[in-house]
Every structure is written in structure tokens, then in C-alpha cells.
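# Coordinate inspection notes
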Amino acid sequence: MGLTSSLRRNNKSFLRIFMILVLSCIPGRTNLCSNHSVTTPIDLPPDIRSSLDSLDLEGYISFNDVHNASKDFGNRYQLPPLAILHPRSVSDISTMVRRIVHLGSTSNLTVAARGHGHSLQGQALAHQGVVINMESLRSPDIKIHKGKQPYVDVSGGESWINILRETLKYGLSPKSWTDYLHLTVGGTLSNAGISGQAFKYGPQINNVCQLEIVTGKGEVMTCSEKQNSELFYSVLGGLGQFGIITRARIALGPAPHMVKWIRVLYSDFSAFSRDQEHLITKKNGFDYVEGFVTVNRTDLLDNWRSSFSPNDSIGASQFKSEGKTLYCLEIVKYFNTEEVNSVPQERFPLQETEKLLSELSYIPSTLFSSEVPYIEFLDRVHIAEIKLRAKGLWEVPHPWLNLLIPKSSIFEFATEVFNNILTSNNNGPILIYPVNQSKWNKHTSLITPDEDIFYLVAFLPSAVPNPNSGTSNLEYLLRQNQRVLNFCSATNINVKQYLPHYETQREWRSHFGNRWETFAKRKHTYDPLAILAPGHRIFQKATQLSPIQLF
């Protein structure tokens, strides 16, 4: 009877905690077309500041210089934290989290782990809380382990570009990437990490062997598929809700020296998507498959000539892109320079490329190609970043919208969005490419459409100030995003947001579907006070209960 009574009490306690977490989701909707700024400084209660100041740390806490941690890449939110932790060790992070847990309901302190600050809608912010500068955590050093199944151990605050540079010294490289490499490991693994290699190797979260996590209780735990597996899968794609990634073990593969980088155009979306889907199902095809949409772009092919060479120079010069909606297939084949002489001609990757191209239905005069070093291709977005920074056009609002669209709806989506909703894409690129569900691990927290093939469609505009009026088109771009979402809702397209942002409990429940209850239960298990990653606005800190009741 004693055991039965104890179990009943524990179940009641859990249900109580669970309901508080569920009900503490943000209940109201904010205006999509507004910036969110709070610039008035908040006085930190002396006892709380004293409590944080007294921590025995290898790094340090800053209470004054918090401006850079008040905003993110999206540049639409200005929410200053009360303090920034610059950790020098994992112990520093654990100590800080434990102290905030100890303070419990006596404070509203929350914690946000911040890497490169590349979130879009305040997800890396902790208003009136503590931001942890993960880029300060560069220990342990990058360690490469060679062998039959090579891997690299890295800090959660390490950047992918540094990992690439170091692993290339050993002829190795991670298999799956993001398009932009100047991001931290912890940041991309908390979401997914998607690029043109995902059809072949899955997203970055599929290529992780082991993690070290500081949970919302301040516990330091090592996890993998076989050790603390629930925490392992929860954290991968978990939006930072269950723990802070302090170390990761990433699977490696052989790194090529060079890539054959190809672009071709289509005027018909059906042919474009059919060819993309054909390429991602081939066993020995291209190593990277992406695509993008251009709407009413002038001199598109002429702009390519700075980096690519046309296969048909005369035909390319006569091709007109203005007034048209066109679809660019971007594909890459890896190769090594020594293969030119050592591999039989019919098996040489560039010969295989010609055969693969012959199977496609692109506009012949639009074939452009280039051969560049592997690292130059992977770091291509950084080159554009340098140019935009020089013009003062990098730190502007970025009202991006990233969607995962099921294959069964992609034609309907493309027809309406690219032909009717969008009038141009002069504000930034629109990416579109398919991936194979079979390459994505369904045990992680990442939510995707439930079909064998789905598409990433990424609208990546920049709200650049008008040189004459000084005002930007941010409001217009946000309304355009909302029109896209409204269309998906009206036509019952089972769209899922990647890098999701929702404002209501109903939307978050809809996003997670039948996995919502599991997500909320795991939140209770690993972050019972709901202090981690408040910027996602999924849960509010459970100040209604004391730490004793929560534990």
C-alpha cells in the first residue's frame, strides 16, 4: 500500500507540473508586422546580483556591456539581458544554471545559450535573464580521431568553419553542412543543420555520435544513442529546451579537394522538381543538390559570369530572364585532383557528371559551371557576407521564413506563391530543394512533414533601407510572409516551419502534433523550471512552484 500511495502522489505531482508547463505557453498573439524592443534598463535586485556575483567561476559575468546580447541576426528584437556569462569551462555553465534553479521562484531569471546569435526572432535572447556566450567556451580543443569511423570532438561553442579548417588537415570533413559555416555547433544541432548534402547524409543532427549536455537542472550529462538516449534525441533539434550543448562528437568522412559546381535554369516548375527528385534518389549521383527561384530578375546569367563559365556562351548571352519566373538547379560533384590521371576515364567524377546532366530537362543555353576548392564552395556565403558588411547591408532586419513542404503539395504551393504572391525576389534568395525522409532520424525533436520526400523552401530577404527615404520594406516583407502562411492554412497544406516561430499555444501544439505531449514531458524531466531558451516562447518559467515541489 505504501508503494502504491507513493506512486499515486508522484503521478499527481507530475500531472500538476505537466499542466503548468502546458498552460504556461504564451497565450497571446503579437503583431507580426512590428519590431519588438525593450530598451529601458531593468534594475537588478541587489540580492540576486550579489548571488550571481558570488559564484566561483573560471570565466566571468558582465552586468553592464550587454548590448550585443540584446539582439540577433533577425534584427527585429531588442531585449537586453540582465547579465552575460562568459564561461571558460563547462563547470561555469553548470554553476550558473544551478544557481538560477536554486533561486527558484524568487527571481524571473532565465538562461539563453548564445553562439553566433544567428537566430531570427529573438530565440537566442533572454530578456532580463542571463545570456551564456558560448563562443567563450572553446575548451576542449578540436580533437580529430582517425580510423574506420573517424570523428571529431568539439566544444558546443566552436564554429563549423574552424572545424572544417582543422579536419581538412587530416583529409577529413563533416558530411553534412549548413549553407553558412560561421555558426556554432550547439546552435545548429539545436535546430537541425540543413544544406544540399541533407538528401544524402541527412541533416547535421543525424551525424552526431555523442553529446555533453548541461540540463535545466544544472546537471552535466554525457549522452548518445546508447547512453541517456532520451536526452540525446531530445536535445537534437530540441530548440535548446532540454539542455545546453557543451560538447559534441561529429562523424567525419573523406574530404574531397575540389568540386564541380553547376547551375542550370528551368522555366517549368514540374520539370525542375521532377529532376531534383530524380537526382536525390540516385545512388551515385551528385553530392549536393539545391535550387532557388528567381522572379523577374534582369541579366541573371550575366551576373553568373563573375563566378561561372557558360557552356554555350552565345546562347547564354541571348537568354532573357526579365519578366519570368525561373528555377535554378544548383548541383555539385566532389572530386580529387589526383583522380584525373589515376581513375579510368569512364569512372572519373566529371565524366559521370556529363552523364547525369544528360538525364535532365533544363534549358540547354543556361548551363554554367565552375571548378573550385572544396572549402571555397562550402564557405561561399561568407564571401557575400563580407561584401554586404562593407556596404553596411548585413546588420539589417532579416524577416526570413523557412518552411518544410510535403512533396504532395509542392506544385500547388509553387504555383500560387511563385506566380501570384511574390512579384520579385530582389530582396534576397528563395531556396527550394527536396530531401529524403529516410535519411532523417525520427527519434530527434525535429518536426518534419510525414511524407517520404519533402521540400525545404526558404525565403531569405533583407529589409534594406531605401536610399532616398531611409525607410525599409520590412512591413511589406512580413505581410508577404503572412500571405504565404495564410495560403498554406487555407489549402490545408501540412507545412512545418524550420527554425519555428509561433505566438500561441495552439500553434505550438499544431506544430508538434501528436508529439507535443512527449515534448512537454521531456521539458519537465530535463528543465522543470522552464528556465532554458525562453526566446522561443514555448514555455514560461514555472515560478508558480517552488524548487522543492518541482524536484
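Residues numbered from 1 in each chain as written. Predicted model: local features only at pLDDT ≥ 70, side-chain atom pairs only at ≥ 80, totals over all residues. Heavy atoms only, no water.

### Comments concerning the environment of Thr-325
Mapped onto the secondary structure, Thr-325 falls in strand E16 (residues 325-335). C-alpha separation for the pair Thr-325 and Asn-425, spaced 100 residues apart in sequence, amounts to 10.0 Å. Not counting residues up to four positions away in its chain, the partners in contact with Thr-325 are Ser-267, Val-293, Thr-294, Val-295, Phe-418 and Asn-419. (Helix = DSSP H or I, 4+ residues; strand = E, 2+ residues; numbered from the N terminus. Contact = heavy atoms within 4.5 Å.)

### Observations concerning the pattern of salt bridges
Scanning the entire structure with this criterion turns up 18 salt bridges. Glu-371 is the partner of Lys-260 in a salt bridge, and the nearest nitrogen-oxygen pair spans 3.5 Å. With Lys-260 in strand E13 (residues 258-266) and Glu-371 in strand E17 (residues 368-373), the pair connects residues that are 111 residues apart, well separated along the chain. On the basis of relative accessible area, Lys-260 is assigned to the buried category, the value being 15%. (Salt bridge = Lys/Arg side-chain N within 4 Å of Asp/Glu carboxyl O. Buried < 20%, exposed > 50% of the residue type's maximum accessible area, 1.4 Å probe, protein only.)

### Quick look at the sheet that holds strand E4 (residues 83-86)
Reading across the sheet, the four strands line up as E2-E4-E6-E5 and stay open at both edges, with mixed pairing between neighbours. Sheet topology places strand E2 (60-62) and strand E5 (111-114) at the edges, where each strand pairs with a single neighbour. If you compare each strand with its neighbour and ignore which way they point, the axes differ by 25° on average. As paired strands, E5 and strand E6 (residues 130-133) are joined by four bridges and run parallel to one another. Note that in E6 the partner of Arg-114 across the bridge is Asn-133. (Pairing = 2+ DSSP bridges. Axes fitted to C-alpha atoms, helices over the stretch in contact; angles between N-to-C directions.)

### Notes on the nonpolar core
Ranked by internal contacts, the top residues of the largest apolar core, which has 76 residues, are Leu-189, Leu-211 and Trp-304. Structurally, this core is a two-domain feature, drawing no fewer than three residues from each of domain 1 (143-254) and domain 2 (258-497). Discounting chain neighbours no more than four positions away, the residues touching Leu-189 are Trp-160, Gln-204, Ile-205, Val-208, Leu-211, Val-235, Leu-236, Gly-237, Ile-245, Ala-248 and Ile-250. With 41 residues, the next largest nonpolar core counts Val-264, Phe-286, Ala-414 and Ile-432 among its residues. (Core = buried A, V, L, I, M, F, W, Y, C linked by side-chain atoms within 4.5 Å. Domains from an automatic or database assignment.)

### Observations regarding the sheet that holds strand E20 (residues 453-459)
Strand order in the open sheet formed by nine strands is E15-E17-E13-E16-E14-E19-E20-E18-E21, and the pairing between neighbours is antiparallel. Looking at strand neighbours, the two that pair on one side only are strand E15 (309-310) and strand E21 (496-497), the edges of this open sheet. Sheet topology note: the strand E19 (residues 430-436)/E20 ladder contains seven bridges and is antiparallel. Directly across from Asn-436, in E20, lies its bridge partner Ile-453. Its contacts with the sheet place helix H8 (residues 269-280) against E13, strand E14 (288-295), E16, E19 and E20, and it is angled at close to 40° to E19. Helix H16 (residues 474-490) rests against strand E18 (401-406), E20 and E21 of the sheet, and its axis sits at about 20° to E18.

### Re unusual backbone geometry
Positioned with a positive phi, Asp-299 is a non-glycine residue whose angle comes to about 55°. With respect to the secondary-structure elements, Asp-299 resides in the loop between E14 and helix H9 (300-304). A relative accessible area of 40% places Asp-299 in the partly exposed class. At Leu-499, a position not held by glycine, the phi torsion is positive, near 55°. Note on placement: Leu-499 falls in the loop between E21 and helix H17 (505-512).

### Notes on the pairing of E14
Within a regular strand, the side chains alternate between the two sheet faces. For E14, a buried count of eight out of eight residues is recorded, marking the element as mostly surrounded by other parts of the structure. Residue alternation in E14 divides its side chains into two sets, Tyr-288, Glu-290, Phe-292 and Thr-294 and Val-289, Gly-291, Val-293 and Val-295, and both sets are buried. As judged from the two bridges shared by E14 and E19, these two strands associate in the antiparallel manner. Along E19, the bridge assignment pairs Val-293 with Ile-430.

### Remarks on the packing of helix H2 (residues 46-53) against helix H3 (residues 90-103)
It is the contact of H2 with H3, at a shortest axis distance of 10 Å, that shows an interaxial angle of 150°. As summarised for this structure, H2 and H3 are arranged roughly antiparallel, according to the angle between their axes. H3 is crossed by H2, and the crossing has right-handed handedness. On H3, the residues touching Ile-48, Ser-51 and Leu-52 of H2 are Met-96, Arg-99 and Leu-103. (Parallel < 35°, antiparallel > 145°, perpendicular 65-115°, else oblique. Left-handed = near helix turned anticlockwise from the far one by under 90°.)

### A look at the environment of Ser-176
Among the structural elements, Ser-176 can be located in the loop between strand E9 (172-174) and helix H5 (185-189). On the basis of relative accessibility, which here comes to 2%, the residue Ser-176 falls in the buried class. Note: C-alpha distance between Ser-176 and Gly-202 (26 residues apart in sequence) is 7.0 Å. Contact partners of Ser-176, with chain neighbours within four places excluded, come to Gly-193, Gln-197, Ala-198, Tyr-201, Gly-202, Pro-203, Gln-204 and Asn-207. One polar contact links the side chain of Ser-176 to the main-chain carbonyl oxygen of Gly-202, over a distance of 2.7 Å. (Polar contact = N/O pair within 3.5 Å; in protein donor to acceptor, adjacent residues only side chain to side chain.)

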